[in-house]
Every structure is written in C-alpha cells, then in structure tokens.
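The chain contents come next:
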Amino acid sequence: MEAVDLHLHSTASDGEHPPAEVVTRAAAVGLSAIALTDHDTLAGIPQAVEAGSAVGLRVVAGCELSVAAPWRGGEMHLLAYFVPEGDPVLNDFLVGERTKRAERAEKIVRRLNAAGVALTLDEVLDQADGAALGRPHVARALVARGVVEDITVAFDKYLGWGRAAFVAKQLPPVAEVTALVRSVGGVTSAAHLRDRATRKVLRTLRDAGVDGVEVLHPAHDEARTRRVRALADDLALLPTGGSDWHGNGRGDQGKALGAIRVPPAWLDALARVHQERSSRLEVTP
Ligand code: AMP
Ligand code: FE
Ligand code: FE
Ligand code: ZN
C-alpha cells in the first residue's frame with residue numbers, strides 16, 4: 001500500500017540526518033511523499049526538495065512550532081504544512097523562535113553548571129552546528145563529555161520537565177500561530193497529543209484555527225489512534241500522521257522510519273485546504 005509520512009526531522013533542527021538523507025531513506029522504505037517538519041525552521045526544505053526530485057519522492061514544506069497548550073502551563077506542538085520559504089512575516093517569526101531557543105540553551109547550560117556539570121555553551125553549539133537549538137543538542141553534548149551514558153539518561157537526569165536544568169519555553173498562543181500560518185496559505189495540525197486529545201481540547205484547538213490533528217504517531221497505540229480518528233471526524237479536523245523520526249539514536253519512543261504508514265488521501269485533503277487558501281490569498285489586494 002502506498003504511504004506517506006508527514007512528520008520528520010533533520011539536522012536543520014534536532015534530527016540526526018541531513019535533509020537529503022532523510023528523503024533518500026524515506027524513498028528506500030517505500031514512502032511516496034514526506035513532509036519535513038523541523039522545529040522552528042525551513043532551512044532543510046531546499047535540500048529535501050532537491051533530493052526528492054532526484055528520487056521521485058514528493059516533499060511538502062513543513063515545520064513544527066511550539067505553542068501554549070490549552071491546559072495550564074503546558075506546551076504543545078503544531079505541525080505547519082505547505083508553508084512558503086520566502087515569506088518575510090513567517091521568517092521573522094521563525095527567527096524570533098530560534099533566538100528564544102538560543103537564549104534558552106544558555107540558561108540550560110547555566111543551570112547545568114549550577115548543578116555541578118561543567119558543560120560549556122560552545123560544546124552545545126558544536127553539536128547543533130547551526131541547527132535550530134534544542135534540548136537534544138544539549139543531551140548529545142552531555143553524552144560526548146561522558147556526563148551521561150545516553151540521551152535518555154540526559155533527559156531523565158537533567159533536561160526533562162521539572163529536572164535540575166529544565167527551562168520552560170516562552171510560548172506564543174495557538175491562535176496567533178494558526179493565524180500566521182493561514183495568512184501564508186499553510187495548514188496546521190496538532191501534533192502527538194496522546195491523552196490530551198480529548199473532545200474539549202480538540203474543540204478548543206479547532207476554535208483557535210487549527211485545521212487537523214495528528215492521529216497516527218508512534219506515541220499513539222491502536223486504541224488511541226481509533227479514538228483520535230473518531231474525534232477528528234466528529235469535529236471536522238483533518239487527520240494527519242507521521243513517525244516523528246529523528247534518527248535511530250534516540251532512546252525514547254522512536255520507531256523505525258517507514259513503520260508509520262499514512263494514507264496518501266490524508267495528504268491530498270491537506271493539499272486541497274492549502275490550495276483553496278492560497279487561491280483566496282491571490283485575489284485579495
Ligand atoms: P526542545 O524543543 O528543546 O524542548 O526539545 C524537545 C525535543 O527533545 C523533542 O522534539 C524531541 O526531539 C526530544 N526529546 C524530548 N524528550 C526526549 C527524551 N525523553 N529522550 C530523547 N529525546 C527527547
Ligand atoms: Fe524534536
Ligand atoms: Fe513534537
Ligand atoms: Zn516532531
């Protein structure tokens with residue numbers, strides 16, 4: 001059965017493989033289309049598109065954005081699809097989010113130092129090599145220094161929620177981000193909600209302009225998948241799905257690339273919303 005994957009990371013953010021390699025690997029496991037959805041950046045899209053045309057795999061431009069969740073103090077992620085690379089307003093927003101990531105990495109390092117771990121910001125920047133900075137880069141720097149044996153331990157001991165070096169993000173409201181994405185013709189989906197995918201939360205998100213919900217994800221078992229799918233249908237949210245693959249080196253939930261097989265029709269439905277939205281943009285003065 002033909003399949004697509006709408007949630008993938010590369011070295012443009014916290015993935016382990018360059019964008020072109022993500023694409024060739026996706027083609028090798030028989031996927032016909034992917035969306036590259038790096039955190040807060042579109043930097044990997046040109047290389048992914050080029051690699052896609054070489055191997056005959058469709059690449060949708062995407063990214064994953066962190067937003068304030070409708071539950072107290074929470075963070076959730078919106079996947080944005082069919083976003084243009086050259087829009088100045090969207091790019092300003094992404095630059096701002098990446099700047100906040102850089103400032104947060106500094107704070108994380110300071111907290112590690114205060115906890116007696118002698119890590120430097122340079123070691124983290126070396127791991128990131130220009131990518132949108134995230135905790136996985138800090139985790140890899142901790143592993144490289146021999147502070148912890150692997151990335152999972154780095155999160156469990158230092159970087160995870162409530163741990164000594166945890167620093168919360170400053171998050172934009174959902175409605176602000178959906179309005180921005182819509183204004184450039186893009187489409188959004190609420191990523192990996194797990195047990196937060198209640199009717200109430202999904203209705204709130206839909207009313208805040210979210211178009212879809214991630215149904216298929218490694219963190220969703222069969223029962224969860226069925227439930228989220230039913231809620232999506234009920235609330236007229238578009239179903240999306242993907243592996244959230246960052247490479248195979250990560251200790252948590254990771255599933256192999258190709259293990260999550262999303263029906264191409266789900267991508268077609270997203271594309272239709274995008275087309276409708278962008279054609280409306282062209283006629284407005
Ligand atoms: P950040 O955006 O800096 O908050 O980092 C979040 C990212 O860290 C996620 O997108 C995952 O890629 C990764 N991550 C979160 N929790 C874990 C974990 N327990 N083990 C490994 N990677 C994780
Ligand atoms: Fe990530
Ligand atoms: Fe995410
Ligand atoms: Zn992701």
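See above for the structure.
The structure presented is a predicted model; accordingly, all values stated were derived computationally and were not measured. (Residues numbered from 1 in each chain as written. Chains lettered and ligands numbered in written order. Predicted model: local features only at pLDDT ≥ 70, side-chain atom pairs only at ≥ 80, totals over all residues. Heavy atoms only, no water.)

**Notes on the coordination of the zinc ion (ligand 4)**
Donor atoms from the polypeptide that coordinate the zinc ion (ligand 4) comprise H7 (NE2), H9 (NE2), E64 (OE) and D244 (OD), at 2.1 to 2.2 Å from the metal. The sequence pattern describing where the donors of the zinc ion (ligand 4) fall on their chain is H-x1-H-x54-E-x179-D. The iron ion (ligand 2) is placed at 4.6 Å from the zinc ion (ligand 4). You'll find H7 and H9 in the same group, each marked buried. (Donors = N, O, S within 2.8 Å, 3.2 Å for Na, K, Ca; no water. Buried < 20%, exposed > 50% of the residue type's maximum accessible area, 1.4 Å probe, protein only.)

**Let's talk about the sheet that holds strand β2 (residues 31–39)**
One open sheet holds the seven strands; their spatial order is β1-β2-β3-β4-β5-β6-β7, and the pairing between them is mixed. Here the strands that pair on one side only, and so sit at the sheet edges, are β1 (3–8) and β7 (238–241). Adjacent strand axes in the sheet meet at a mean angle of 35°, parallel and antiparallel pairs treated alike. Pairing of strand β4 (residues 75–81) with strand β5 (residues 187–190), which is carried by four bridges, proceeds in the antiparallel orientation. Bridge assignment links Y81 to a residue of β5, and that residue is V187. Here helix α1 (residues 19–28) sits on the sheet in contact with β1, β2 and β3 (58–68), set at roughly 150° to β2. This element, helix α7 (residues 174–183), spans β3, β4 and β5 of the sheet and lies at about 155° to β3. (Pairing = 2+ DSSP bridges. Helix = DSSP H or I, 4+ residues; strand = E, 2+ residues; numbered from the N terminus. Axes fitted to C-alpha atoms, helices over the stretch in contact; angles between N-to-C directions. Contact = heavy atoms within 4.5 Å.)

**Considering the coordination of the iron ion (ligand 3)**
Around the iron ion (ligand 3), the donor atoms from the protein are E64 (OE), H77 (ND1) and H192 (NE2), and they sit 2.0 to 2.3 Å away. Along the chain, the residues donating to the iron ion (ligand 3) are arranged with the sequence spacing E-x12-H-x114-H. Taken as a pair, the iron ion (ligand 3) and the iron ion (ligand 2) show a spacing of 5.6 Å. Placement of the pair is H77 in strand β4 and H192 in the loop between β5 and α8 (199–207), with a sequence separation of 115 residues. H77 gets classed as buried once you look at its relative accessible area, which sits at 13%. Assessed through its relative accessible area of 13%, H192 is described here as buried.

**As for the nonpolar core**
With 68 residues, the main nonpolar core has M76, L193 and L205 as its most contacted residues. The element contributing the most residues to this core is β3, with six residues. Not counting chain neighbours up to four residues away, the residues in contact with M76 comprise L65, S66, V67, A68, A69, P70, W71, A190, L193 and L205. Residues L112, L142, I151 and V167 belong to the second largest nonpolar core, which totals 21 residues. (Core = buried A, V, L, I, M, F, W, Y, C linked by side-chain atoms within 4.5 Å.)

**Structural notes on the environment of V147**
Here V147 shows up in the loop between α5 (135–144) and α6 (151–159). Taking the C-alpha atoms as reference points, V147 and L78, 69 residues apart in sequence, are found 33 Å from one another. In this structure V147 touches V117, L142 and Y158, once residues within four positions along its chain are discounted.

**What to know about α6**
When α6 is considered as a whole, its buried residues turn out to be I151, A154, Y158 and L159. Projected down its long axis, α6 shows its buried positions confined to an angular sector of 60°, all on one face. Buried residues belonging to α6 abut α3 (88–114) and α5. Capping the start of α6, D150 holds a side-chain oxygen 3.1 Å from the backbone nitrogen of T152, two or three residues further along. (Arc of directions from axis to C-beta. Polar contact = N/O pair within 3.5 Å; in protein donor to acceptor, adjacent residues only side chain to side chain.)

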